[in-house]
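# Geometric and topological summary
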Amino acid sequence: MSFEDAAAIVEAKGLSKRFVKRHDLAARIAARLVSGDGEEIVHAVDDVSLAIGRGEVVGLVGESGCGKSTLGRMISGLLEPTAGCVLFKGADRGALQGAEAKAARLAVQMIFQDPYASLNPRMRVEAIVGEAPVAHGLVSRADMGAYVRDMLRRVGLDPDFRRRYPHQFSGGQRSRIGIARALAVKPEFLVCDEAIAALDVSIQAQIINLFMDLREAFELTYLFISHDLGVVEHISDRIVIMYLGRVVEAAPTEELFAAPNHPYARALLAEVPRLGRQKRTFKPIAGEIPSPLAPPPGCHFHPRCPFASQRCRIEAPRLVAIAPGRFSACHLNDAA
Amino acid sequence: MSRQAANTLEIEGLKTHFFTKAGIVKAVDGISFHVAAGEVLGLVGESGCGKSITGFSILGLVDPPGRIVSGAIRFQGRDIAGLPDEDLRRLRGDRIAMIFQDPMMTLNPVLRVDTQMVEAIRAHARVDQATALGRAREALAAVGIPSPERRLRAYPHELSGGMRQRIAIAIAFINRPDLVIADEPTTALDVTIQAQILHLAQELCRNSGTAMIWITHDLAVVSALADRIAVMYAGRIVEQGPVEDIVDRPLHPYTRGLLGSVPSHNARGRRLAQIPGMTPSLINLPGGCAFRTRCARAGPACLSDPPLTEPAAGRQLRCFDPVMAEAAA
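The structure reproduced in this document is the subject of the present report.

For the rest of this paragraph, the subject is the interface of chain A and chain B. With 41 residues of chain A in contact, the opposing surface of chain B contributes 49 residues. Here chain A packs against chain B, burying approximately 3,900 Å² in sum over the two surfaces, 54% of which is carbon and sulfur. Where chain A packs against chain B, one counts one salt bridge. Two residues, R271(B) and D213(A), come together in a salt bridge whose shortest N-O distance is 2.5 Å. Viewed at the interface, chain B and chain A are joined by eight residue pairs in polar contact (both at pLDDT 80 or more). Broken down by secondary-structure element, the contributors of at least two residues to the side of chain A that touches chain B are α7 (201-218), α8 (229-235), α9 (253-258) and α10 (263-271) of chain A. The leading source of residues in the side of chain A that touches chain B is α7(A), at nine residues.

On to the pairing of strand β3 (residues 57-61) of chain A, then. Residues and elements named next belong to chain A. Taken across its five residues, β3 has five buried, putting it largely inside the fold. On β3, burial covers both faces: V57, G59 and V61 on one face and V58 and L60 on the other are all buried. By the bridge criterion, five bridges tie β3 to strand β8 (residues 221-226) in an arrangement that is parallel. Within β8, the position partnered with L60 by the bridge is I225. Sheet analysis places β3 next to strand β9 (residues 238-243), joined by four bridges and oriented parallel. Within β9, the position partnered with L60 by the bridge is V240.

Our next topic: the packing of aromatic side chains. Residue and element names in this part refer to chain A. Applying the stated rule across the entire model yields ten aromatic pairs over all chains. Aromatic pair F211 and F224: ring centres 5.7 Å apart, planes at 90°, arrangement edge-to-face. Pair noted here: F211 is in helix α7 and F224 is in strand β8, with a separation of 13 residues, a long-range link. Like F211, the residue F224 is buried in the burial classification. Seen in terms of ring centroids, Y264 and F301 are 5.1 Å apart; in terms of plane orientation they differ by 65°. Their pairing is edge-to-face. Pair noted here: Y264 is in helix α10 and F301 is in the loop between α10 and α11 (310-314), with a separation of 37 residues, a long-range link. Accessibility assignment for this pair places Y264 and F301 in one class, buried. Each residue in the set F211, Y222 and F224 is aromatic and connected to the rest through ring pairs, giving one cluster.

Scoring rules and cut-offs
- Residues numbered from 1 in each chain as written.
- Chains lettered and ligands numbered in written order.
- Predicted model: local features only at pLDDT ≥ 70, side-chain atom pairs only at ≥ 80, totals over all residues.
- Heavy atoms only, no water.
- Contact = heavy atoms within 4.5 Å.
- Buried area = accessible area lost by both parts, 1.4 Å probe.
- Salt bridge = Lys/Arg side-chain N within 4 Å of Asp/Glu carboxyl O.
- Polar contact = N/O pair within 3.5 Å; in protein donor to acceptor, adjacent residues only side chain to side chain.
- Helix = DSSP H or I, 4+ residues; strand = E, 2+ residues; numbered from the N terminus.
- Buried < 20%, exposed > 50% of the residue type's maximum accessible area, 1.4 Å probe, protein only.
- Pairing = 2+ DSSP bridges.
- Phe/Tyr/Trp six-rings, centres within 6.5 Å; stacked < 30°, edge-to-face > 60°.

So, in structure tokens, the structure goes:
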């Protein structure tokens, strides 16, 4: 997105990530014999720009393999981009040095999908939550106990649980521990990567409510990555839709759900199962998401798009403004 | 329960318990329901409520330390609970089929798709290899798999998740079963693929008159697909009825809590009406209503077991304090 928001807390500029799989010996020999080329390259994220304003909740949606997690990991600093940069409060995070770089890193935290895999099973809750703030000098070791108790209370856990190990908790409680760990270093920005996908419906609702309470209490900004459009619709101010490594549409939530512009966005929103009175007939989008190893040329969506023309097969559409605050990458908008 | 003859499956007072060292786990504790031909029953509940064990019990797939303690499973009028394994095997995959959540687990990774499909056909019918292959090809085409000829010769790992689940569905429907039990078959899939699978299931049931039990935790999915919904909690069906009744006029506090937890059922940005606490452990579950510890309306009466009542035609409820005010409106 090209809007230069002065209040943007985090901004991704032309971010790309390419994963290169080097061939092993056998594949190299085979490639030489059959005149194939050397490596397999996956364009996980392809030139994505995204500005997120202070206090905003941005939902990032797309099907598996569309690059939404990779984008989230680059924004949180877990992955180095192949090209492009991430600005934190206007400064290029990659160029920052020393204390400034550390502060910028701490300010962006991540909450992971799997509450089972993302907590060290050999550490007590006290260490999981308290280690980072002590290491970074946010609290003294002497105050750690009180600080951890306060954090646990904030995320709705009994502070008496702090001496326990992760396996002694349920999935919902583990999610809360992961959230407490992220909050402990006083971040301003949270990247939530499918943070509630593994939970039961009633526990999901509890965690969604917790996210909304914490947003107020800590003045947080969220990038909320999910494949669940119902959840994203509920908590996001703005929604960004990705398809095969590219952003296809970005719009304020209500406008997007009222009138999606991109054919993929339209199809995706139509698929969301809703609590309905009557039985509906499902009319699915044909086909599946193509392999990112060999994405189709031109617009990535054209093989599944009912409106595809010759131009879509050759030329990749650019993400352009179609209304104030709304962006879409589709050639159909030029014709109108 | 009245239309005895038309029901493909009738379950009465089914109890499946697991006798573990830590105690007796009453995974399924006295449930009754029925499914008619061509009907889709949504069996809804959260993890650990016993919905999958219900499915396994019907197929006789409960392993020790678990076993069916009591109750009848009448399939086309015949009680199949406790039938010898040999008789059950004749039913499984032929008259009753199951679709599991993870297609990677149900397809054999070292066998090609054609081998697995032909095996499923020839296990139940005396047909030659060529006929069976032809039927396998038709079945793949019927579930919308492009170039079925090529997919037949593929191994499961060569196919995407959506494709594998479609093959699992093709195998489930290949012998035109009378009953299909689908255990969260779309949970692992993307929304666009999920819609394709739902569409497929809908069509297959409509066209072949197959009865289906769709087990899921996702009320939104089941509300669009099923004819009736049964809500399970801690091994019991707490509420049962036609989809529109359950969604519009839920009577049990748990059903209301579940519906309130669905984001798209709420105003955007509002707090969700959450259920406090979590599902209880089923080991040595105390008597009375299992939901009472999380229920805002619980009273002293809830310490004893709530009886099964019929608040309206075709509806069943296990609660002392149905939310009658809303129901009357």
